[in-house]
Amino acid sequence: MKDLVGSHDLLFVTLDTLRYDVAAELVAAGRTPALARALPGGRWQRRHSPASFTYAAHQAFFAGFLPTPTAPGPHPRLFAAAFPGSETTGGDTWVFDAPEVVSGLAAAGYHTVCVGGVGFFNHRSPLGRVLPGLFAESHWEPEFGVTAPGCFEAQLDRIATVVPTVPADRSLFLFVNVAAMHQPNRHYLPGAAADSRDSHAAALEYVDRHIGRLFALATARGRPCLVLICADHGTAYGEDGHTGHRVAHEVVWTVPYAEFVIEPGQWELSGTAATGGSFHD
C-alpha cells in the first residue's frame, strides 16, 4: 500500500459477521463466482480478527490492525498509525501521523466516504455516529441495515450517486460495511423460520450476485483501486452452545481476508449488474 497511496483509489469492504469456514466452502464449491474471480488465486486468506464484534474490530482496523494471518508472526502491517515501538510496522507499511487511517488518508488528499450497514454506522445515537463521524461524507438509511433483504443493492444505488460527485483531482477512499450476513438472515433462504449457517451462506450468495457492481463503481472514475475485503468477525450458530458473537470462539475470531488491485474496465456496468474478467494482486 505504501507505494499506492495517491496513485490509487482505495475500497475497503467489511462483510459484517461473515464466517471464514462458510466463505471458504462457498468459493470452493463455485457458489460465489464473482468473489472467486476477484480473490487472488480464487481463495480467501484465513485470518484472525482483533475483536469479536463490529465496533471494536473497526476501531482496530482503522488504526491499522487488520485481521492477522493465522501462521506465527510477526506480520508486517499494510498500514499503521505512527506508534513508537511498533514491531509490525515494516518497510512496506504505509505509516500515517494520525490516530486512524481515515484522517490519515484525508491528509494525503483523499476524499473519504462511508456507506454503513449495521447499527454502529446508523447515526441514530452518539455511539452510532463515532465510526461514520471519522469520514468527510457518510451515508446510512434503514434500507442499508440488517433487517432489509435488499440492503446491499440499496447501498450500491447510493454509491452510484456518490462516486460521480468526487472531484476528478481527488483520490477516493470508499468504505462499505455490508450487513447482509448479520442476523437476521433467514430471509435469504426461502422457507427458513430461523437464522442458521445455511441462511448465513445464502446471504453471502446474495452479496456475491451484486458485488461485481461495487467493483465496477470503484473504478468508474478511471483510476486503479486497491481493494481490501474481509469480515470484522464471525458468528456462532449453536457451536458449543453459543449463538451470535462477542464471545471468544473459533468461529467468531476466524475471518476471511483478501487484498488486490483492480484496474478500470475490469468490471463493466450494465444496468445494475456487472461482468468482468480476472483480477490480479
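A. Broad picture of the overall build of the chain. Counting its secondary structure elements, the chain contains seven helices and 14 strands. Over its C-alpha trace the chain gives a radius of gyration of 18 Å, about what one expects of a compact globule, namely 19 Å for 281 residues. For the chain, the spread of C-alpha atoms along the principal axes amounts to about 50 × 45 × 40 Å. Carbon and sulfur atoms form 53% of the exposed surface of the chain, whose accessible area is close to 11,400 Å².

B. The layout of surface pockets, seen in detail. In this structure, the largest pocket spans a volume of roughly 260 Å³. Lining the largest pocket are 14 residues, and of these Arg47, Pro69, His75, Pro76 and Arg77 lie nearest its centre. Elements supplying a minimum of two residues to the lining of the largest pocket: β3 (68–69) and β12 (254–262). Residue composition of the lining of the largest pocket, grouped by class: eight nonpolar, three polar and three charged.

C. Up close: helix α1 (residues 20–28). Three or more residues of α1 are buried, namely Tyr20, Val22, Ala23, Leu26 and Val27. Across the axial projection of α1, the buried residues extend over an arc of 165°, all falling on one side. Against α2 (33–38), β2 (45–48), α6 (197–218) and β12 lie the buried residues of α1. Following α1 by one or two positions, Gly30 has its phi on the positive side, about 80°.

D. Highlighting the environment of Leu172. Mapped onto the secondary structure, Leu172 falls in strand β8 (residues 171–178). Leu172 gets classed as buried once you look at its relative accessible area, which sits at 5%. Contacts of Leu172, omitting those with residues within four sequence positions, involve Asp9, Leu10, Tyr110, His111, Val113, Val163, Val166 and Arg221.

E. Broad picture of the nonpolar core. One finds Leu11, Trp44, Leu214 and Ile229 to be the most contacted residues of the largest nonpolar core, which totals 86 residues. Broken down by element, the residue count for this core peaks at twelve residues, all from α6.

F. Molecular detail of unusual backbone geometry. Between Gly73 and the following residue, Pro74, the backbone shows a cis peptide bond with an omega angle of 5°. Checked against the element boundaries, Pro74 lands in the loop between β3 and β4 (79–81). Positioned with a positive phi, Thr17 is a non-glycine residue whose angle comes to about 80°. Residue Thr17 is classed as buried on the basis of its relative accessible area of 0%.

G. Local environment of empty space enclosed by the protein. Inspection of every chain in the model, using the stated rule, returns one cavity of 30 Å³ or more. The calculated volume of the largest cavity comes to roughly 40 Å³. In terms of lining residues, the largest cavity is bounded by Met1, Leu4, Val5, His8, Asp9, Leu10, Leu105, Tyr110 and Leu226.

H. Spatial organisation of the sheet that holds strand β9 (residues 225–230). Within the open sheet, the eight strands sit side by side as β3-β2-β12-β9-β1-β8-β6-β7. Their pairing is mixed. Of all strands in the sheet, those bounded by a partner on one side alone are β3 and β7 (137–139). Pairing between β2 and β12: four bridges, direction antiparallel. In the strand pairing of β12, Arg46 is matched with Pro256. The sheet contacts of α1 involve β2 and β12, and relative to β12 the element is tilted by about 55°. Its contacts with the sheet put α6 on β1 (9–15), β8, β9 and β12, and the angle it makes with β1 is roughly 160°.

What counts, and at which threshold
- Residues numbered from 1 in each chain as written.
- Predicted model: local features only at pLDDT ≥ 70, side-chain atom pairs only at ≥ 80, totals over all residues.
- Heavy atoms only, no water.
- Helix = DSSP H or I, 4+ residues; strand = E, 2+ residues; numbered from the N terminus.
- Rg over C-alpha atoms; globule rule 2.2 N^0.38 Å.
- Areas by Shrake-Rupley, 256 points an atom, 1.4 Å probe, with all protein chains shown as cover.
- 1 Å grid on protein atoms, 1.4 Å probe; cavity = no way out; pocket = protein on both sides within 12 Å on 5 of 7 lines; lining within 4 Å.
- Points joined across faces, edges and corners; volume = space filled by probe spheres on them.
- Nonpolar A, V, L, I, M, F, W, Y, C, P; charged D, E, K, R; others polar.
- Buried < 20%, exposed > 50% of the residue type's maximum accessible area, 1.4 Å probe, protein only.
- Arc of directions from axis to C-beta.
- Contact = heavy atoms within 4.5 Å.
- Core = buried A, V, L, I, M, F, W, Y, C linked by side-chain atoms within 4.5 Å.
- Pairing = 2+ DSSP bridges.
- Axes fitted to C-alpha atoms, helices over the stretch in contact; angles between N-to-C directions.

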